[in-house]
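Per-entry structural report
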There are 2 protein chains.
Amino acid sequence: MNVKVTMRDVARYAGVSVATISNVLNNVSKVSDDTRERILKAIEETGYKLDYTARCLSMGKSNLIGVMFPITEKGDEPSILLRNNPFYSEFTSGIEYVARKEEYDILLTGIESGQECRDWIARRNLDGIILLGIHPESFFNEMKDVKLPIVLTDAYEEYSTKFHRIMVDDEMGGYMATKNLIDSGHRNIAIATGRIGTNGVNFKRFEGYKRALDEAGIPLNTKIIIEEHVNFDGGYRIGNILLELDEKITAVFAVADIVAFGIIKAFKSRGKLVPDDYSVVGFDDIKICEYLTPELTTIRQDIFRKGMASAKAIIDDIESGVVTHETIMLPVELISRGSVRKL
Amino acid sequence: MNVKVTMRDVARYAGVSVATISNVLNNVSKVSDDTRERILKAIEETGYKLDYTARCLSMGKSNLIGVMFPITEKGDEPSILLRNNPFYSEFTSGIEYVARKEEYDILLTGIESGQECRDWIARRNLDGIILLGIHPESFFNEMKDVKLPIVLTDAYEEYSTKFHRIMVDDEMGGYMATKNLIDSGHRNIAIATGRIGTNGVNFKRFEGYKRALDEAGIPLNTKIIIEEHVNFDGGYRIGNILLELDEKITAVFAVADIVAFGIIKAFKSRGKLVPDDYSVVGFDDIKICEYLTPELTTIRQDIFRKGMASAKAIIDDIESGVVTHETIMLPVELISRGSVRKL
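Everything numeric in this text was worked out from a predicted model, so none of it was measured.

1. What to know about a negative patch on the surface
Side chains of E102, E103, D316, E319 and E326 of chain A sit close together on the surface and give a patch of like negative charge. Assignment of secondary structure puts E319 of chain A in helix α12 (residues 303-320).

2. Structural notes on the interface of chain B and chain A
Every contact between the two is made by 62 residues of chain B and, on the other side, 62 residues of chain A. Between chain B and chain A lies a buried interface of about 5,800 Å² when both sides are counted; carbon and sulfur atoms form 57% of it. Counting across the interface, chain B meets chain A through four salt bridges. Between R124 of chain B and D105 of chain A there is a salt bridge, with its nearest N and O atoms 2.6 Å apart. Joining chain B to chain A, the criterion identifies 24 residue pairs in polar contact (both at pLDDT 80 or more). Grouping the amino acids of the side of chain B that touches chain A by side-chain chemistry returns 28 nonpolar, twelve polar and 22 charged.

3. Structural notes on helix α1 (residues 7-14) of chain B
Residue and element names in this part refer to chain B. Buried residues of α1: M7, V10, A11 and A14, and no others. The arc enclosing the buried residues of α1, seen along the axis, measures out at 100°, which places them on a common side. Residues of α1 that are exposed and angled more than 90 degrees away from the buried face: R8 and R12. G15 occupies a position one or two residues after α1 and carries a positive phi of about 70°.

4. A short note on helix α9 (residues 200-215) of chain B
Residue and element names in this part refer to chain B. A rise of 1.5 Å per residue sets the reference length of α9, with its 16 residues, at 22 Å; its end C-alpha atoms lie 23 Å apart and thus fit the reference within 8%. Every buried residue belonging to α9 is among G200, V201, N202, F203, R205, F206, G208, Y209, A212 and L213, and all of these are buried. At its buried positions, α9 is contacted by β7 (164-168), α8 (170-183), β8 (189-193), β9 (225-227), β10 (251-254) and β11 (279-284). G217 sits one or two positions beyond α9 and adopts a positive phi of about 70°.

5. A look at the packing of aromatic side chains
Under the counting rule described, the total for this entry stands at 20 aromatic pairs over all chains. The interplanar angle of 20° and the centroid separation of 4.1 Å between the aromatic rings of Y291 of chain A and F232 of chain B together place this pair among those described as stacked. A residue pair is termed interchain when its members come from two chains, as with Y291 of chain A in the loop between β11 (279-284) and β12 (297-300) and F232 of chain B in helix α10 (residues 232-244). In this structure, Y291 of chain A and F232 of chain B share a single accessibility class: buried. Three or more aromatic residues joined by ring pairs form one cluster here, namely F69, F87, Y88 and F91 of chain A. Directly above the aromatic system of F283 of chain B lies the positively charged group of R205 of chain B, at a separation of 3.5 Å from the ring centroid.

6. Quick look at the pairing of β12 of chain A
Residues and elements named next belong to chain A. Note: β11 against β12, four bridges, orientation parallel. Pairing of V281 across the sheet is with T297, part of β12. Taken together, the three bridges between β12 and strand β14 (residues 333-335) define a ladder with antiparallel strand orientation. What sits directly across from R300, in β14, is E333.

The rules we used
- Each chain has its residues counted from 1, running along the sequence as written.
- Naming scheme: in the order in which they are written, chains are lettered from A and ligands are numbered from 1.
- Two thresholds apply to this predicted model, a pLDDT of at least 70 for residue-level local features and 80 or more for giving and counting side-chain atom pairs, whereas whole-chain, interface and lining totals are computed over all residues.
- The side-chain numbers reported here are obtained from all heavy atoms of the structure, hydrogens and water having been left aside.
- In this analysis, a patch consists of residues with relative accessible area above 30% that form no salt bridge, clustered at 9 Å for like charges and at 5 Å for the nonpolar side chains Val, Leu, Ile, Met, Phe, Trp and Tyr.
- The Shrake-Rupley method, run with a 1.4 Å probe sphere, supplies the accessible areas, and residue values consider only the shown protein chains as cover.
- Here, a salt bridge means any side-chain nitrogen of Lys or Arg that lies within 4 Å of a carboxyl oxygen of Asp or Glu.
- His is not counted, nor are the chain ends; Lys and Arg add positive charge and Asp and Glu add negative charge.
- In plain terms, the charge of a residue is placed at NZ if it is Lys, CZ if Arg, CG if Asp and CD if Glu.
- A run of H or I in DSSP becomes a helix once it reaches four residues, and a run of E becomes a strand once it reaches two; helices and strands are each numbered from the N terminus.
- For this analysis, residues touch if any pair of their heavy atoms sits within 4.5 Å.
- Values labelled buried area give the accessible surface lost by two parts on being combined, using a 1.4 Å probe and summing over both.
- Polar contact is defined as a pair of N or O atoms within 3.5 Å, subject to the rule that within protein one atom must be able to donate a hydrogen and the other to accept it, and that residues adjacent in sequence are counted only when both atoms are side-chain atoms.
- Classes in brief: Ala, Val, Leu, Ile, Met, Phe, Trp, Tyr, Cys and Pro nonpolar; Asp, Glu, Lys and Arg charged; the others, Gly included, polar.
- Summary of the burial criterion: residues with accessible area below 20% of their type's maximum are buried, those above 50% are exposed, and those between are partly exposed, where the area comes from a 1.4 Å probe applied to protein chains only.
- Arc, as used here, means the arc of the directions from the helix axis to the C-beta atoms.
- Here a helix's expected span is defined as the number of its residues, less one, multiplied by 1.5 Å.
- Side-chain rings of Phe, Tyr and Trp, where Trp is taken by its six-membered ring, are said to pair if the distance between their centres is within 6.5 Å; with planes under 30 degrees apart they count as stacked, over 60 as edge-to-face, and otherwise as tilted.
- Criterion for a charge above a ring: Arg CZ or Lys NZ at most 6 Å from the ring centre, at most 35 degrees from the ring normal.
- Should DSSP find at least two bridges between two strands, the strands are regarded as paired.

What follows is the structure, encoded as structure tokens:
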């Protein structure tokens, strides 16, 4: 480490005690304006940097935000979700952008259980945490007596209402994606999704899909609801399943762009083209959508801004000292590109 | 925060003083085995978690590794490189994987100057840092009296030999990519690259390109050396430039996959197909290579493993207390897919 200016050096320079400096830094008003002035000048001239470790002990604040990912790919290298879906790069970059401006640092980690998360919060004396991706309910049960500000993203489950949430309008997105296909003349529209369950992001997007079908008088066909993992390989499997179906589908709504890419790839590998043979709409608008030809029609959620909103939410909670149970719902938007054909 | 077991609670439970516990935790051998035993049992039974803040002050070790990105896209949202190239998601995930196993945490941040970086190291009491992406030489001048372990990735400049470096064999990669095209019958092979300069990753890949041409007796044609930003938009611009050239090229070596995607996109937007009209080879093997049709032929550097190697290097340096000036050179491999056509 470089030669470090200590509080003692500043004290010597200013001709005061270390305790006096500590009082000034911690805004304990027991010093005269003149002394304060002298100390601030000494700090500037010696180049003293307040060590967060020391400040953390004296003020109980670390200016650290934990950003926690679920760990996936159990096997040789159980790694964080950041690795698998570019969605999380954009999200994390948005968090980092706001944190840096507000003088917080972000700690990035993969966490498997709520207990682990609690231990980590205590060990690092975190000011707040942002949870990315989906965590099981047991996770939150283990976290329930944690009084720290917590921001959840994309969580619909019952327990999640007790947290500060950042969401996008998933139901509306599912509706818009499906309606776009219906308006283009499609009626046999498959949905490619993660496990739908009874709540959560997939469920909501599915609800939107159902609403659009319903509005158009198209009966729900359970044979063309395909549930798989929400990643490229899951999409690839769905693409192959769809090609084997007896049902004559002409379009697919994929609940994530990354799934849509897998589907398109499977189609192409068997000589089927998008949008000539099948129309496809995704969800997210990750950057890769524009790399493909045709570019993917999708539902945009502004991922970088969602990251920014998450960081703002946690910092507001930390600085106000009030843990908020509020839901911020960000809008979605249909981005029409080349992957949908008019019938 | 959850009700926290303090060192005082452990002391009460074990029937010893706080100072005695501190001695045990810091391996100061002034206590009997019996007392040590009793304290360790008390720690276990009370569920006491060693607060890193306290340990950091007592032991001077934070178990924190800073992972620093250059900030790009000057403008409204100057954000970290993580946002722009999926390369960095895989890299960061590799670092996180090893750090988690070794009980380190990673702090992620965007840093513009060496001075900022120094301040940050001091403020956070970091144990070591990993610098991702390219930083200007001035950055390192400002860092030169920092005695902390530092790992650089992909740095060739003169100053970088004073650091622990993780590299891939860029020259060999450039050679293999170009030779693959030559072996397929191509002779007019453009190179799409960032600023070549006189050193660095682009320079080395360019050196490999030249060696392969030279070996095949193909003269270097400076009109088909195109320098642009190393991102999708840069590649897109290069694609358009290549289509306007009088030179009759049949193939392109792009020094990064993300650049190759931009080139392919520009080609397609003007009705030119890969590999029918042009063959393209990339570099990196990011996951997206497989999403495209045809899949991209590229030079694989195992990015996740490179992240792992970076984390291992910094942790070795931290724990040995020896700052290493060593270079770890990881191999590259040609991955033949569908973007190269035999002439």
